[in-house]
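Structural overview
This is what each chain is made of:
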Amino acid sequence: MSTRTVSQSPETAPQPPGAALPPTGAVRARSPKHRPGKVDPGRATWTLRRGGVALRFDRRAVLVCAVLTVVVAALGIVTLGSGSISLTPVQVLSALLDPDADARARLVVVTWRLPRLLFAVVCGAALAISGALFQSLTKNPLGSPDVIGFASGSYAGASVVMLLLGTANYLAVASGSLIGGALTALLVYLLAYRGGLRPFRLIIVGIAVGAFLGSLTSMLLLSVSPQQAMLAATWGAGSLSGLGFEQLRATAVVFAVLLVGAALVVRPLVHLEMGDDAAVALGVRAQHARLTATVVGVALTALVTAAAGPIAFIALAAPQIAQRLTRSSTTLRIVPAALAGAAVLVGADFIAQRIDLPVGVVTVCVGGAYLAWLLARQYAGRRR
């Protein structure tokens, strides 16, 4: 007679006398399921080896970057061909790539429209990277520079230069914007520090300081002539109009330097997201990393504010969009975040040109709806 062996699970296998039984109602462990925003440890990667160096790339992140690049390029071609003088995509590409193309098309595309498009790409990427840094620092999706007051500080600093000093020189406005943002960051840090820096306290203090600086800017607008106030208010709405290659060169150089700084601080910030103790155990200097990230983030925001005025909600939304597209556990994927910010701002500027409004007005309308959805989602998650 043959004998059959039956495998039994721990729950159904006979227990020896005196063995401890699992408590009644014990829940069987389940395999973790993938959720948006969480890293799947088994997700596919590509490895590039050269000599003794190996670089690993997440496949989904690479594909997301490729798709976002195509989106930015497609929006750019549509934007360059739209306006009072309409051009087909073929004419736009010919004007961009062929020096011997139609002179009228090259004048419209390259001289008039291309600087504004490139500014939208650079400013969108800069705001998105700044938002990713601050959201990582505060460990909160609301921790973007326009929410916690740093953008208001940059705006106030630039307003002081324009309204009190009476100059609209690009370098002077940029310096005032950077100084205002840096002083605001220092003030928020000092007011929020109580033996340590808690993210929630930083956000609350930043909102309060931002409201104060907004009132200060309004007071300055009311204390000058209507012509000066109108000029500053128009600039304060956030607009990419009237920007040329001269301003673009300076902005692109500063952005490239800050991009390197952001790339260097990404790994320490990722470790800090696990907690200070774990980060210190891995050799991270916590306070130095936070200070560097704050300086880089404020400088990126001030750079955009100096060039185009305050453009709200790109820094808030773009890192979250990139995080959900890549299904990452952190917002510090700066390349997808930068491309997402560029795509959002290029699209918003296309809409702004069609309805003849500053791009900052469009981003406020779209970003306000996104902020309401994000707050409702967080509230619903806390009630569960």
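Procedures and definitions
- Residues numbered from 1 in each chain as written.
- Predicted model: local features only at pLDDT ≥ 70, side-chain atom pairs only at ≥ 80, totals over all residues.
- Heavy atoms only, no water.
- Helix = DSSP H or I, 4+ residues; strand = E, 2+ residues; numbered from the N terminus.
- Contact = heavy atoms within 4.5 Å.
- Areas by Shrake-Rupley, 256 points an atom, 1.4 Å probe, with all protein chains shown as cover.
- Salt bridge = Lys/Arg side-chain N within 4 Å of Asp/Glu carboxyl O.
- Buried < 20%, exposed > 50% of the residue type's maximum accessible area, 1.4 Å probe, protein only.
- Polar contact = N/O pair within 3.5 Å; in protein donor to acceptor, adjacent residues only side chain to side chain.
- Axes fitted to C-alpha atoms, helices over the stretch in contact; angles between N-to-C directions.
- Left-handed = near helix turned anticlockwise from the far one by under 90°.
- Nonpolar A, V, L, I, M, F, W, Y, C, P; charged D, E, K, R; others polar.
- Patch = residues over 30% accessible without salt bridge, like charges linked within 9 Å, V, L, I, M, F, W, Y side chains within 5 Å.
- pLDDT = per-residue confidence, 0-100.
- Phe/Tyr/Trp six-rings, centres within 6.5 Å; stacked < 30°, edge-to-face > 60°.

Points about the overall build of the chain
- Counting secondary structure elements, the chain contains 13 helices and two strands.
- For the chain, contacts bridging at least 24 residues in sequence account for 70% of all contacts bridging at least 6.
- Surface exposure of the chain reaches about 21,300 Å², of which carbon and sulfur atoms provide 65%.

Examining the pattern of salt bridges
- Using the criterion set out here, one finds one salt bridge in the structure.
- Between D349 and R116 there is a salt bridge, with the nearest N and O atoms lying 2.8 Å from each other. Taken together, the positions of D349 in helix 12 (residues 334-355) and R116 in helix 3 (residues 103-138) put the pair 233 residues apart, joining distant regions of the chain. When sorted by exposure, D349 lands in the same class as R116, which is buried.

Examining unusual backbone geometry
- Positioned with a positive phi, K139 is a non-glycine residue whose angle comes to about 55 degrees.
- Within the secondary structure layout, K139 lies in the loop between helix 3 and helix 4 (150-163).
- Its relative accessible area of 48% is what places K139 among the partly exposed residues.

Concerning the side chain of T326
- Mapped onto the secondary structure, T326 falls in helix 11 (residues 314-326).
- Reaching out from T326, the side chain makes a polar contact with the backbone oxygen of A322 at a distance of 2.8 Å.

Description of the side chain of S82
- Note that S82 resides in the loop between helix 1 (59-81) and helix 2 (89-97).
- One polar contact links the side chain of S82 to the main-chain carbonyl oxygen of V78, over a distance of 2.6 Å.
- With residues up to four places along the chain from it excluded, the contact list for S82 reads R113, F350 and R354.

Describing the packing of helix 5 (residues 170-192) against helix 10 (residues 286-308)
- Where helix 5 contacts helix 10, the two axes come as close as 8 Å, and the packing angle between them is 145 degrees. As helix 5 packs across helix 10, the resulting crossing turns out to be right-handed. Here helix 5 contributes Y170, V173, A174, S177, L178, G181, A182, A185 and Y189 to the contact with helix 10, which in turn contributes Q287, T294, V298, A299, A302, T305, A306 and A307.
- For the contact of helix 5 with helix 10, the class distribution of residues is twelve nonpolar, five polar and no charged.

Quick look at the packing of helix 1 against helix 3
- Taken N-terminus to C-terminus, the directions of helix 1 and helix 3 make an angle of 145 degrees; their axes are 10 Å apart at the nearest point. With respect to the hand of their crossing, helix 1 and helix 3 are arranged in right-handed fashion. Here helix 1 contributes V72, G76, T79, L80 and G81 to the contact with helix 3, which in turn contributes V109, R113, L114, L117 and V121.
- Taken together, the residues of the contact of helix 1 with helix 3 sort by class into six nonpolar, three polar and one charged.

A closer look at a nonpolar patch on the surface
- A cluster of nonpolar side chains, I179, L183, L186, Y189, L190 and Y193, forms an exposed patch at the surface whose accessible area comes to about 580 Å².
- Mapped onto the fold, L186 is located in helix 5.

Some points on the confidence of the model for the chain
- Mean pLDDT for the chain: 81, with 84% of residues reaching 70 or above.
- Low pLDDT, under 50, characterises residues 1-42; the predicted model gives this stretch 17 contacts beyond four residues in sequence or across chains.

Some points on the packing of aromatic side chains
- The tally for this structure, following the rule as stated, stands at three aromatic pairs.
- Look at F134 and F150: their rings are 5.0 Å apart centre to centre, the planes differ by 55 degrees, and that puts the pair in the tilted class. Of this pair, F134 sits in helix 3 while F150 sits in helix 4, placing them 16 residues apart in sequence.
- Taking relative accessible area as the criterion, F134 reaches 2% and is therefore assigned buried.
- Considering the side-chain rings of Y155 and W235, the 5.6 Å spacing of their centres and the 40 degrees angle between planes classify their relative orientation as tilted. Residue Y155 is located in helix 4, and its partner W235 is located in helix 7 (residues 226-236); the two are separated by 80 residues in the primary sequence.
- W235 sits in the buried class, given a relative accessible area of 16%.

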